[in-house]
Amino acid sequence: MNDWDNKTFFWVFQAFQVAFIGVVCLGLAGYHIPIAREALAFLYLTFLPGVLVLKALRLHNLGTIETVLYSAGLSLAVLMLTGLAANIAYPLLGYTRPFSFAILFLTIIAVVQVLLYLALTRDPGHAGVNQKMEISLSPVAPFLIILPFLAIIGTHIRDEYHMVTLLFLLLVLIAVIGIAIGSDRLIPVSCYPLAVYSIALALLYHTSLISEYVWGYDIHHELHLVNSVLIPGFWDMTIPYNTNGMLSVVVLAPIYSLICDLDPVWVFKILYPLLFALVPLGLYRAVEKQTSAKIGFLSVFFFVSFFTFYTEMISLARQQIAELFLVLTVLVMIDKSMDRSRQAFLMVTFGFAMIVSHYGLSYIYLFSLIPAWLLLVTLERLPPGIEKRLNWMTGTPEVDPLSPESTAKKSQIRTLVLPYILIFAALAYFWYSTVAEGTAFATIAGIGDKIWNTLFAESFDPTTIQGMHILTSQSITPLHNLAKVVHIATQGLIAVGLFATIFKRERWRIEPDYLAVSLVFLLINIAGIIVPFFASSLNTSRLYHITLILLAPFAIIGGITLYEAIVEKIHAIQALPFMKTAYQALSVFFVVFFLFNSGVVYQIVNDSPTSMALETTGDKPVFNGKEVQGARWLFSEGSERPTYVDGTRWWLLLGFNPGYQRYLPTNPSLVEPNSYLYFGTYNLVRESVRIEVQQAVTVAGYVDAGRFTWDQNRIYDNAGSAIYLQR
């Protein structure tokens, strides 16, 4: 839209806005149009403010993908800042409930009108251009579009009838798409972006839509914080908890809930995956611009195949939003054609939005920028003789004779500069030290102190190093051990790809800024294996998932390098099935990687299944309606008694009142008198509870539930959850 002429832009914008306001008003009058308000409100909030900012910045000819990504990122930043400003200003003016529908609705409409005025006045001479759509339609487009709908229908059938056939078919179809693209069949390059978004959204929905309640871990406390904003209509920024300082949870989710008229549960289960699926699309575009569309797609396929993307991340709403801003920052960083002032504005805006979205990701990004900048600066100041030999990192790769001279000159511009790092660090320090009683700042200081005190005393000790524990622990079956080998192989490919990129700069023209940060990300992965308490502070799988945002393309480059080296020695290998080209071989390898991570392989052979979606039994942090009802009853009593719960159900109660819950101890005699014991469906059916010991590596086991209940009073039972009163 920001490439249209002003007249067309104005009238189309106003038509959409009138439709949105009209649907909202009809709803208030009692005339509800199914899905209309939710869809229009989501599109209005997610894209229109950002489009206006792009037009006000006079950023044109960005292309379809960049326009979608930048407008979404800028819109989210505008919403978070609008909510923050409303929460501060309105109480001073006498309005004690800034997070109420009427006030927020009028405020957002007013902010959008101001942005519209700025867009039209700052960009008066833009006559519009005919942009070619980068996401072209083809006969396979409907097939790709249907993937998320298969996930929606499949999860409904799973929940209602405990049948997973459709979800199993969905995962097989995604694997087939990976093979087809690697073999240059069926799917044209123009459909790669659509394939990326559809696959990512389908994978997210095939897990996020399980049950009618949020499932997982941190998401329950995030839901509690959202409700603590919606119920009083005010965000208390003094609550001393890290997540309370994250606007991606305490501001963004309430805004979507109020304006879209959705329960916060469904905001997290439906809307946040729609936003998070933009992360792979941004990664695809960043890699494609530096390499090729095929490498871009395979990089994204690797990224979304790793189980953390569609399991752990589902229960981390704040990190979903923060990763979108990280990808947008990377996309801006590698764009050497953008005006420097506009580029700086976008990088600072997305950087600040990342800071107020997730403290962990922001710290990792900040601590990777500093050594990356030092590396680039050092290489730029080397003596001429050494610099010529090491020009692989100075931003001056050997000139490609096919590229225009202007392109070669622009590639020498470095985006990663000291002022940007200082601004990012200052914003992070200001936010984390002031909001939520400075707990986010205190947390990182405590982690650093713990690492420093144990660095030399407990190095390479699997009990204190989560990454080392995962590598050295014995897998439960040979098939799971094979999966571990496949995971380790991907990390080997990344290392090979990084070295190949460094020593063959004439071929792999990765931007120096991107390459420098990627090298630091590789070191972060290594630190997760050898530094005590480093990986466990965030979780090893989450740490690896974060680093894959930049490292994924190097696995593809490494695979191509190894394939070419093998073919050079053994020419006959190309005659094997799916080994004709490096892309075919890599597509097969990463499809195998995907089938292991998604649990399809384990499900087929019934070998200790791991899939959250395909496995309907076992003890998982997925809670049914009766368990939620029991938790609501418990806290509706208003009692401040301690509530004891096992390791899995602990997360459910976290979403209601985190101040009074306790882990069930190993010894039942340690349960405090006059306290509650909460048991869920698994506890009642299996008559067992999960006992956890929290360390760098969590130790867990199951014991007989009767040890805790044999002489207690059962005060609540709904056949799916039970509550006992400890005498």
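Residues numbered from 1 in each chain as written. Predicted model: local features only at pLDDT ≥ 70, side-chain atom pairs only at ≥ 80, totals over all residues. Heavy atoms only, no water.

### Focus: helix α8 (residues 218–230)
Applied cut-off: Helix and strand definitions follow DSSP, with helices as H or I runs of at least four residues and strands as E runs of at least two, each counted in order from the N terminus. Helix span, expected: 1.5 Å multiplied by one less than the number of residues in the helix. A 1.4 Å probe rolled over the protein chains alone gives each residue an accessible area, and that area as a share of the maximum for its type sets the label: buried under 20%, exposed over 50%, partly exposed in between. Only heavy atoms matter for contacts: two residues are in contact if any of them lie within 4.5 Å across the pair.
Over its 13 residues, α8 extends 19 Å from the first C-alpha to the last, a length consistent with the 18 Å expected when each residue adds 1.5 Å. Of all 13 residues in α8, 10 are buried, a share of seventy percent or more. Turning to α8, its buried residues are Ile219, His220, His221, Glu222, Leu223, His224, Leu225, Val226, Val229 and Leu230. Packing partners of the buried residues in α8 comprise α9 (247–250), α10 (252–260), α11 (264–276), α14 (317–333) and α28 (649–654).

### Topic: the environment of Gln343
Tracing the backbone through its elements, the reader meets Gln343 in helix α15 (residues 340–355). With relative accessibility at 3%, the residue Gln343 sits in the buried group. Those residues in contact with Gln343 that lie beyond four places of it in its chain are Val332, Met333, Asp335, Met338 and Thr415.

### Here we look at the nonpolar core
Formally: Residues belong to a common nonpolar core when they are buried Ala, Val, Leu, Ile, Met, Phe, Trp, Tyr or Cys residues joined through side-chain atoms within 4.5 Å.
If you look at the biggest cluster of nonpolar residues, it comprises 232 residues, and the most contacted ones within it are Trp235, Tyr256, Ile259, Phe297, Trp431 and Ile494. The greatest single-element share of this core, amounting to 15 residues, is contributed by helix α24 (residues 540–569). Every residue in contact with Trp235, bar those within four places of it in the chain, is listed here: Leu84, Asn87, Phe99, Val229, Asn244, Gly245, Leu247, Val250, Val251, Trp431 and Val435. Of all hydrophobic cores here, the second largest spans 11 residues; its members include Val671, Phe679, Ala722 and Tyr724.

### As for the pattern of salt bridges
Quick note on the threshold: We count a salt bridge whenever a side-chain nitrogen from Lys or Arg sits within 4 Å of a carboxyl oxygen from Asp or Glu.
Evaluation of the coordinates by the stated rule reveals 19 salt bridges. Here Arg158 and Asp159 are joined by a salt bridge, their closest N and O atoms 3.3 Å apart. With a relative accessible area of 9%, Arg158 lands in the buried category. When its relative accessible area of 27% is taken as the criterion, Asp159 is described as partly exposed. Of the charged contacts in the structure, one is a salt bridge between Asp717 and Arg714, with a shortest N-O distance of 2.4 Å. Under the relative-accessibility criterion, Asp717 is labelled partly exposed at 41%. In this structure Arg714 comes out as partly exposed when scored by relative accessible area, which is 46%. Each of Glu66, Arg285, Glu288, Lys289 and Asp335 takes part in one network of salt bridges that share partners.

### Overview of the sheet that holds strand β3 (residues 676–679)
Going by this rule: Criterion used throughout: strands pair if DSSP finds at least two bridges between them. Lines fitted to C-alpha atoms define the axes, with helix axes restricted to the stretch in contact, and inter-axis angles between N-to-C directions lie between 0 and 180 degrees.
Here we have 5 strands laid out as an open sheet, ordered β2-β1-β3-β7-β6, and mixed in their pairing. At either margin of the open sheet sits one strand with a lone partner, and together these are β2 (661–663) and β6 (713–717). Within this sheet the neighbouring strands show an average axis-to-axis angle of 30°, counted without direction. With 3 bridges joining them, strand β1 (residues 643–645) and β2 adopt parallel strand pairing. Looking at the pairing, Val645 lines up with Tyr663 of β2.

### Here's the deal with the confidence of the model for the protein
Test applied: Each residue gets a pLDDT score, which is the predictor's confidence in that residue and runs from 0 to 100.
Here the protein shows a mean pLDDT of 87. Residues at 70 or above account for 88%. Across residues 392–411, where pLDDT falls below 50, the model places 28 contacts with residues more than four positions away in sequence or in other chains.

### Comments concerning the packing of aromatic side chains
Two aromatic rings, taken as a pair, are described by how far apart their centres are and by the angle between their planes. The test is simple: Centres within 6.5 Å make a pair out of two Phe, Tyr or Trp rings, where for Trp the six-membered ring is used; the pair is then stacked when the planes are under 30 degrees apart, edge-to-face when over 60, and tilted otherwise. Placement of a charge over a ring requires the Lys NZ or Arg CZ to be within 6 Å of the ring centre, with the centre-to-atom vector within 35 degrees of the ring normal.
On inspection of all chains with the given rule, the structure shows 36 aromatic pairs. Judged by centre distance (4.8 Å) and plane angle (5°), the rings of Trp650 and Tyr663 are stacked. Linking Trp650 in helix α28 with Tyr663 in strand β2, this pair joins segments that are 13 residues apart in sequence. Classification of Trp650 as buried rests on a relative accessible area of 16%. Judged by its relative accessible area of 26%, Tyr663 falls in the partly exposed class. The structure contains a cluster of three or more aromatic residues connected by ring pairs, namely Phe20, Tyr44, Phe101 and Phe105. We note Lys55 situated over the ring of Phe9; from NZ or CZ to the ring centre the distance is 5.1 Å. Note that Lys294 overlies the ring of Tyr583, its terminal NZ or CZ placed 6.0 Å from the centroid.

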